[in-house]
Amino acid sequence: MTVQFKPTETFRDTFTYKKSAEDILRFPFPFPEDEYMYSVNIEPHVKGGPTAAFNAAFDIDEHYVAECRERERVLKEDPKRCQVLPHMLTAEWDALELIMESLAVDYPEHFSLSKAGDVWTWVNRPLGLHQTFTFGKVETLPYGPFEYITRQVQGDFTLQDQREDMLYVDGGMVTTQADWSFEFNIGMSFMEWHGPVPLANEKGVFERALKYLLRLQCGQPVRRLNWTMTINPRLDTSPENYPVWGPDRTTVTPENVGDKVHLRVELQTLFRLPRSNAILFGIRCYLTSVNDLVKVPKWRRRLHRVLRDLHPALAEYKGMPRYRQMVVDYLAPMDDGVPTTKGIAPETDRLDG
Amino acid sequence: MSDQGIKSKPTYSKIAGDKAARYQLLLVEGAGIPSEAMAEGGDPSAFETWTVAHASALPAAPMMDEAPGAVRPFRSTQHLLSALEERLDRETMGLRLYAIGTEPFLWDAFNIASAAGLSRQEMQFAHAGPKARRIYCVHCRTMMEGVTTSIVTCKGCGAALFVRDHFSKRLAAYMGVQVDAEAPGEVPQAEELYK
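Since this is a predicted model, take the numbers as computed values, not measurements.

Analysis parameters
Residues numbered from 1 in each chain as written. Chains lettered and ligands numbered in written order. Predicted model: local features only at pLDDT ≥ 70, side-chain atom pairs only at ≥ 80, totals over all residues. Heavy atoms only, no water. Helix = DSSP H or I, 4+ residues; strand = E, 2+ residues; numbered from the N terminus. Buried < 20%, exposed > 50% of the residue type's maximum accessible area, 1.4 Å probe, protein only. Contact = heavy atoms within 4.5 Å. Areas by Shrake-Rupley, 256 points an atom, 1.4 Å probe, with all protein chains shown as cover. Lys, Arg positive; Asp, Glu negative; His and termini not counted. Charge placed at Lys NZ, Arg CZ, Asp CG, Glu CD. Buried area = accessible area lost by both parts, 1.4 Å probe. Salt bridge = Lys/Arg side-chain N within 4 Å of Asp/Glu carboxyl O. Polar contact = N/O pair within 3.5 Å; in protein donor to acceptor, adjacent residues only side chain to side chain. Nonpolar A, V, L, I, M, F, W, Y, C, P; charged D, E, K, R; others polar. UniProt positions renumbered as here; feature names shortened; annotations may be inferred. Pairing = 2+ DSSP bridges. Axes fitted to C-alpha atoms, helices over the stretch in contact; angles between N-to-C directions. Phe/Tyr/Trp six-rings, centres within 6.5 Å; stacked < 30°, edge-to-face > 60°. Domains from an automatic or database assignment.

1. Brief notes about the overall build of chain B
Point 1. Helix and strand content of chain B: two helices and ten strands.
Point 2. In sequence order, the secondary structure elements of chain B are arranged as β-β-β-α-β-α-β-β-β-β-β-β.
Point 3. Looking at the 195 residues of chain B, the share that counts as buried comes to 50%.
Point 4. Here the analysis covers contacts within chain B between residues at least 6 apart in sequence; of these, 58% occur between residues at least 24 apart.
Point 5. Of the roughly 9200 Å² that chain B leaves accessible, carbon and sulfur atoms contribute 52%.
Point 6. Considering chain B, the positive charge centre built from 20 side chains and the negative charge centre built from 23 side chains are found 2 Å apart.

Here you go:
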């Protein structure tokens, strides 16, 4: 079934973002068990998984057009949300190639790519773009290659340079982030940019993940899920705009908690790039309200148990102290105590309520 | 509160020198080398040394030799840093760069040296002098020098900023983030932490 785009939905001010039943069921629910702690939960990024969000290298859903418009708006307000250090130009072209080829294969009805030697023609039907350019010639595109293509994909992206057995975040398109500043972090090492994360550093999670990623092979991408919670379906929860979205956290009440509080999931993907040996890191953000999640019995039981038992340091880091108990109290009567099965699949094809 | 557990906060060591160096240049943000900044057995007479006099009147004919043991004074920290770029442009492989001073000085020197092609392994940094911080306002990008308190008012946008331990070497600054963004007006008492 071809997805119906909803180009006018909004992720700020009026918050007209809504999910169809299909869109709820394809949500990459982040908890495979009834309790949560940081781990190196990395697996091969192969097509096919517990929900339809895992069916493509770069997932496109019904919010595609609206998210690209939101990105354009953030970039107008703050052009430095997209920056690439000069030594990463080869990685920019690598990323453009990977994304264009993947989209054209996974969504032939929406995207096509044709090549005549170095002269490529890219067609993006949902956004109405038709671009002929010369691969390797920056002046033949309206933006740098990385910015050009990442304006046309959902989710944030960073480019990691690998040198001296370390990864450095030396480029990025970051407009839908969960409270980390790209302008502040650009140029940082893997260990530095994860410096503020509690507990995981002490558990050695980042040392192990780094060792794993330094050996990442071309053509064998990997993925993991990360999560937090966001009030209202707001994509741009950057530290830059914290004075804009921070007050939302005080607006949650026992009456509106189900609609206001959203589970924010990042489907994180990592691809080794062929020419530059850099790594493309995709951070694809999905937002689902508590009221949409409770329509799946397994998810409402598990979300209640995870939030109820969450380590206080994690709740603090994720900015949840003001409203976590309200979410737990709201979910508690909906948790019948029935054991849940392992894994994140919804195990239903229709929604309750 | 003084340790926020953030791993991007830099750590420093003493200057030990490097026997494998072809040439060694030491930058000191002060008139003399503080003895506590040198590792045991470290011998500054093996380095070309640049110092900061914090005085406009320099000797009429200051030492300008580019040689081990030479000590060249500069009027100010900025005066020294402005000469560093040109000096490093003329250098070749095998140079080791050392710096002793405040955090903003060390990381300003680091950024100049990185742009000149030196890697972190070719540098040594010793932290000496005041612990006051350079703060980057994450909301409006204003830099503030000499911050000694846990909370500071941004000179650019007026936000009351909490001073995090999250440090960017590229900006040579710690992050300041609005402390009362969620509930405007709820600003805790500032504490004198970084002196």
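Don't stop here, the text continues.
2. Re the interface of chain B and chain A
Point 1. Each side of the interface is counted separately: chain B has 26 residues, and chain A has 23 residues.
Point 2. For the pair chain B and chain A, the summed buried surface comes to about 2100 Å²; carbon and sulfur atoms form 54% of the total.
Point 3. On the chain B side of the interface with chain A, the three residues burying the most area are R141, R170 and E182 of chain B, jointly 33% of the side's total.
Point 4. Along the contact surface separating chain B from chain A lie seven salt bridges.
Point 5. A salt bridge links R322 of chain A to E182 of chain B; the shortest N-O distance between them is 2.5 Å.
Point 6. Taken together, chain B and chain A are joined by twelve residue pairs in polar contact (both at pLDDT 80 or more).
Point 7. Among the secondary structure elements, those contributing two or more residues to the side of chain B that touches chain A are β9 (160-168) and β10 (173-178) of chain B.
Point 8. In terms of residues, the side of chain B that touches chain A owes the most to one element, β10 of chain B, which gives five residues.
Point 9. Considered class by class, the residues forming the side of chain B that touches chain A number eleven nonpolar, eight polar and seven charged.

3. Thoughts on the UniProt feature "domain: Dimethylamine monooxygenase subunit DmmA-like N-terminal" (unreviewed entry) in chain B
Point 1. Under the feature "domain: Dimethylamine monooxygenase subunit DmmA-like N-terminal" (unreviewed entry), the UniProt entry names residues 5-122 of chain B.
Point 2. Summarising residues 5-122 of chain B: 22% helix, 19% strand, and an end-to-end C-alpha distance of 27 Å.

4. Points about the sheet that holds strand β2 (residues 48-52) of chain B
Strand pairing in a sheet is mediated by backbone hydrogen bonds. Such pairs are either parallel or antiparallel.
All names here are of chain B.
Point 1. With parallel pairing, the five strands of this open sheet are ordered in space as β3-β2-β1-β4-β5. Only two strands of the sheet have a single partner each, and these edge strands are β3 (71-74) and β5 (123-127). Averaged over all pairs of adjacent strands, the angle between their axes in this sheet comes to 15°, without regard to strand direction.
Point 2. Sheet analysis places β2 next to β3, joined by four bridges and oriented parallel. Bridge pairing in β3 places T51 opposite P73.
Point 3. Across the sheet, helix α1 (residues 77-89) touches β1 (23-28), β2, β3 and β4 (95-101), and the angle it forms with β2 is around 150°.

5. Some thoughts on the pairing of β2 of chain B
Residue and element names in this part refer to chain B.
Point 1. In terms of residue burial, β2 counts as a mostly covered element, since five of its five residues are buried.
Point 2. Going residue by residue along β2, you find E48, W50 and V52 tucked away on one face and T49 and T51 tucked away on the opposite face as well.
Point 3. Examined bridge by bridge, β1 and β2 share three bridges and lie parallel to one another. Note that in β2 the partner of L26 across the bridge is T49.

6. With respect to the packing of aromatic side chains
Pairs of aromatic rings are described using the distance from one ring centre to the other and the angle between the two planes.
All names here are of chain A.
Point 1. Applying the stated criterion across every chain yields a total of 31 aromatic pairs over all chains.
Point 2. Seen in terms of ring centroids, W120 and F135 are 4.5 Å apart; in terms of plane orientation they differ by 20°. Their pairing is stacked. In this pair, W120 sits in strand β4 (residues 119-124) while F135 sits in the loop between β5 (129-134) and α4 (145-150), placing the two residues 15 residues apart along the sequence.
Point 3. The exposure class of W120 is buried, given its relative accessible area of 4%.
Point 4. Given a relative accessible area of 13%, F135 falls into the buried group.
Point 5. Their ring planes at 70° and their centres at 5.3 Å tell us that F190 and W193 sit as a pair that is edge-to-face.

7. Re the sheet that holds strand β6 (residues 133-137) of chain B
Residue and element names in this part refer to chain B.
Point 1. One open sheet accounts for five strands, arranged β7-β6-β10-β9-β8; its pairing is mixed. Where the open sheet ends on each side, the last strands, each with one partner, are β7 (143-147) and β8 (151-153). Strand-to-strand, the axes of this sheet are offset by a mean angle of 45°, without reference to chain direction.
Point 2. In the sheet, β6 pairs with β7 via three bridges, with the strands oriented antiparallel. Considered in β7, the bridge of R133 is made with V147.

8. Side note on the domain arrangement of chain B
All names here are of chain B.
Point 1. Entries for chain B in the domain assignment read domain 1 (23-127) and domain 2 (133-178).
Point 2. Between the C-alpha centres of domain 1 and domain 2 there is a distance of 27 Å.
Point 3. Between domain 1 and domain 2, the residue contacts involve six residues of the former and seven residues of the latter.
Point 4. Note on domain 1 versus domain 2: buried area summed over both sides is about 590 Å², and carbon and sulfur give 55% of it.
Point 5. When the buried surface of domain 1 facing domain 2 is broken down by residue, E103, P104 and W107 rank first, second and third, together holding 65% of it.
Point 6. At the boundary of domain 1 with domain 2, the tally comes to one salt bridge.
Point 7. Among the salt bridges present, the one from R134 reaches D108, with a minimum N-O distance of 2.9 Å.
Point 8. The interface formed by domain 1 and domain 2 includes four residue pairs in polar contact (both at pLDDT 80 or more).

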